[in-house]
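Structural features, examined
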Amino acid sequence: MPEVVTGIAELRERLRQPRRQGDSIGLVPTMGALHAGHAALLHKARLENRLVVASIFVNPLQFDRKEDLETYPRTMDQDLLVAGACGVDLIFSPAAAELYPGEQAAFVDLPRLSAHLCGQFRPGHFQGVATVVLKLLNIVQPDRAYFGEKDAQQLAIIRRMVRDLDVPVSIVPVATVREPDGLALSSRNKLLTPAQRRIAPVLSRALSEAVRRMEAGEGSVAAIRHDVLSLFAAYPELRVEYFEIVDPETLAPVEHVNGRVLIAGAIWLGSTRLIDNIAFSTVAPR
Ligand code: PAF
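None of the values given here were measured: they were computed from a predicted structure.

Before going further, it helps to spend a moment on the overall build of the chain. Tallying secondary structure elements over the chain gives 11 helices and 9 strands in all. Residues classed as buried in the chain amount to 52% of the 286 residues present. Restricting to contacts in the chain with at least 6 residues of sequence separation, those with at least 24 account for 73%. Taken as a whole, the chain presents about 13,700 Å² of accessible surface, with 52% of it coming from carbon and sulfur.

Okay, the packing of helix α7 (residues 125-140) against helix α8 (residues 152-164) next. The contact between α7 and α8 brings their axes to 10 Å, and the two run at 50°. One finds that α7 runs oblique with respect to α8. Where α7 crosses over α8, the two elements pack in a sense that is right-handed. In contact with F126, V129, A130, V133, L134 and L137 of α7, α8 contributes Q153, Q154, I157, I158, M161 and V162. Class assignment for the residues of the contact of α7 with α8 results in 10 nonpolar, 2 polar and no charged.

Okay, the environment of V129 next. Tracing the sequence through the fold places V129 in helix α7. Look at V129 and you get buried, because its relative accessible area is 2%. Through-space distance from the C-alpha of V129 to that of D109 is 9.4 Å; in sequence the pair is 20 residues apart. The residues contacting V129, other than those within four sequence positions of it, are N59, Q62, Q154 and I158.

Bringing the side chain of S93 into the picture now. One can find S93 in the loop between β4 (90-92) and α5 (96-99). Ignoring any residue separated from it by four or fewer positions in sequence, one finds S93 in contact with V4, V5, T6, I56 and M76.

Take the environment of L90 next. Tracing the backbone shows L90 in strand β4. When sequence neighbours within four positions are dropped, the list of residues in contact with L90 reads P2, E3, V5, L11, R14, L15, L51, V52, V53 and A54.

Another aspect to go through is the site of the ligand. The full set of residues close to the ligand is P29, T30, M31, N59, Q62, V132, V133, F147, D151 and Q154. At 2.6 Å, a side-chain N or O of Q62 approaches an oxygen atom of the ligand. Within the side chain of Q154, an N or O atom sits 2.7 Å from an oxygen atom of the ligand. Expressed as a share of its isolated accessible area of 290 Å², the protein-covered part of the ligand is 89%. Those elements that provide at least two residues to the shell around the ligand are β2 (25-30) and α7.

Membership of the largest hydrophobic core comes to 47 residues, with the highest contact counts inside it found for V53, L137 and M161. The dominant element in this core, judged by the number of residues it contributes, is α7, at 10 residues. One finds V228, L238, F243 and V257 within the second-largest nonpolar core, a separate group that totals 25 residues.

What follows is about the sheet that holds strand β3 (residues 51-56). Spatially, 6 strands are ordered β1-β4-β3-β2-β5-β6 in an open sheet, and the strand pairing comes out parallel. Looking along the sheet, the strands with just one partner apiece sit at the ends: β1 (3-5) and β6 (170-174). For this sheet the average axis-to-axis angle between neighbouring strands, irrespective of direction, equals 25°. Examined bridge by bridge, β1 and β4 share 3 bridges and lie parallel to one another.

Right, let's talk about the side chain of D79 for a bit. Structurally, D79 is set in helix α4 (residues 76-85). Despite being buried, D79 has no salt bridge partner; K190 is the closest side chain of opposite charge, sitting 6.4 Å away. In contact with D79, not counting residues within four places along its chain, are G32, A33, L34 and I56.

Moving on, we come to the sheet that holds strand β7 (residues 238-246). Taking strand neighbours across the sheet as the criterion, the 3 strands line up as β7-β8-β9 in an open arrangement whose pairing is antiparallel. Each having just a single partner strand, β7 and β9 (272-281) make up the two edges of the open sheet. For this sheet the average axis-to-axis angle between neighbouring strands, irrespective of direction, equals 10°. Sheet topology places β7 next to strand β8 (residues 260-269); 8 bridges connect them, and they run antiparallel. Bridge pairing links F243 to G265 in β8. Strands β7 and β8 of the sheet are contacted by helix α11 (residues 221-232), whose axis makes an angle of about 155° with β7.

Conventions we followed
Residues numbered from 1 in each chain as written. Predicted model: local features only at pLDDT ≥ 70, side-chain atom pairs only at ≥ 80, totals over all residues. Heavy atoms only, no water. Helix = DSSP H or I, 4+ residues; strand = E, 2+ residues; numbered from the N terminus. Buried < 20%, exposed > 50% of the residue type's maximum accessible area, 1.4 Å probe, protein only. Contact = heavy atoms within 4.5 Å. Areas by Shrake-Rupley, 256 points an atom, 1.4 Å probe, with all protein chains shown as cover. Axes fitted to C-alpha atoms, helices over the stretch in contact; angles between N-to-C directions. Parallel < 35°, antiparallel > 145°, perpendicular 65-115°, else oblique. Left-handed = near helix turned anticlockwise from the far one by under 90°. Nonpolar A, V, L, I, M, F, W, Y, C, P; charged D, E, K, R; others polar. Near = heavy atom within 4 Å. Polar contact = N/O pair within 3.5 Å; in protein donor to acceptor, adjacent residues only side chain to side chain. Core = buried A, V, L, I, M, F, W, Y, C linked by side-chain atoms within 4.5 Å. Pairing = 2+ DSSP bridges. Lys, Arg positive; Asp, Glu negative; His and termini not counted. Salt bridge = Lys/Arg side-chain N within 4 Å of Asp/Glu carboxyl O.

Function cannot be read off these values alone, since they describe shape.
Pasting the structure below:
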């Protein structure tokens, strides 16, 4: 079982000696409810570092809806087993009052990158993510930090924050893990009813269909979106929040597919929101 640390001072003290002796430290920030997607991050961190720290903290700052914060799955006992099986050395699991002891006055904001995709619909979300991630990076001071490609906008924002603020850490992306029917793993999948779970893979099918159209030479984003959106129309219980084709770095929508793009979508099934994305390039990889 990994060692569990709840205090910032205690964690810094615990990391002092390994850091002094030059041990590399990998950090995997999570909000718990660990699944095979997190396990992929933890395994990669285990392979690449001497010491692996996973944080488990349901960050209130990034929830734009109170009920989402309240219903977010909390499965600490199970998480410790998953983390232990992945070879995690230390779990940092602070109470909210430890990370936010008073009113928070300093925030990290990347307004341009946050204005697109999920950010349009989740006011303050990425400010909350960037702020807590910078706090975690400052507390742990890892050599590497691991983030899933499933949260593509989050990954782009964190990469840019680290670059623009000269944070001395290497950000390591990890590929999305999927169910056999294509559904991207997410802690929120647990909240789907059996009927919603059967519909949910339409999101990854829509992404694959967009890729298929691009591979066939279709370059018009309007044409691709028109066809792909009709796939969702077969499910009246599903609401599409967005389905967009954007530049993978600026996240701004593109009109024509040329070079690298990110295809990203968000859907609602009942009160559960699911996101997914896939990268595509018209240029052959070098
Ligand atoms: O991806 C998540 O689980 C969260 O957004 C993160 C990065 C742990 C910050 O709270």
